[in-house]
Amino acid sequence: MNRIVVDFDRCEGHGLCEQTAPEVFRLDDEGELHLAHEEVAPKDERAVAAAVRVCPVAALKVRP
Ligand code: SF4
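Computed from a prediction, not measured in an experiment: that's the story for all the values here.

A. Region of the structure containing the site of the ligand. In the vicinity of the ligand, 14 residues are found, and the nearest of them are Cys11, His14, Gly15, Cys17 and Cys55. Judged by the proximity of its atoms to the pocket grid, the ligand belongs to the largest cavity. Its residues assigned to classes, the shell around the ligand shows 10 nonpolar, 3 polar and 1 charged.

B. Quick look at unusual backbone geometry. One non-glycine residue, Ala58, lies in positive phi territory at about 55°. Secondary-structure assignment places Ala58 in the loop between helix 2 (45–54) and strand 4 (60–63).

C. Structural context of empty space enclosed by the protein. Taken as a whole and assessed by the stated rule, the structure comprises 1 cavity of 30 Å³ or more. Within this model, the largest cavity holds a volume of roughly 100 Å³. As for the largest cavity, its lining consists of 15 residues, of which Cys11, His14, Gly15, Cys17 and Cys55 are closest to the centre. Tallied by class, the residues present in the lining of the largest cavity amount to 11 nonpolar, 3 polar and 1 charged.

D. Inspection of the pattern of salt bridges at higher detail. Per the counting criterion, the structure on display carries 5 salt bridges. With a shortest N-O distance of 3.1 Å, Lys43 and Asp44 are connected by a salt bridge.

E. Inspection of the pairing of strand 1 (residues 3–6) at higher detail. Alternating residues of strand 1 divide into Ile4 and Val6, all buried, and Arg3 and Val5, none buried. Note that strand 1 and strand 4 share 4 bridges and pair antiparallel. The partner of Ile4 across the bridge, within strand 4, is Val62.

Analysis parameters
- Residues numbered from 1 in each chain as written.
- Predicted model: local features only at pLDDT ≥ 70, side-chain atom pairs only at ≥ 80, totals over all residues.
- Heavy atoms only, no water.
- Near = heavy atom within 4 Å.
- 1 Å grid on protein atoms, 1.4 Å probe; cavity = no way out; pocket = protein on both sides within 12 Å on 5 of 7 lines; lining within 4 Å.
- Sits in = over half its atoms within 2 Å of the grid points.
- Nonpolar A, V, L, I, M, F, W, Y, C, P; charged D, E, K, R; others polar.
- Helix = DSSP H or I, 4+ residues; strand = E, 2+ residues; numbered from the N terminus.
- Points joined across faces, edges and corners; volume = space filled by probe spheres on them.
- Salt bridge = Lys/Arg side-chain N within 4 Å of Asp/Glu carboxyl O.
- Buried < 20%, exposed > 50% of the residue type's maximum accessible area, 1.4 Å probe, protein only.
- Pairing = 2+ DSSP bridges.

Have a look at this one:
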């Protein structure tokens, strides 16, 4: 199963990933990003790929 890799040095808490795939990405009250799970379930693949594309600072990747 593919995994989500977050570059936390790049992440600026814009939250676009959360808007795109809220079942996977969540920002806390301090704007810090949390993943519901690192592994990308088949049902989440499209939403996660979209979140990777919309991140304005390219902080997200999906790796095998
Ligand atoms: S869209 Fe990118 S910068 Fe914004 S919270 Fe998600 S990973 Fe961080």
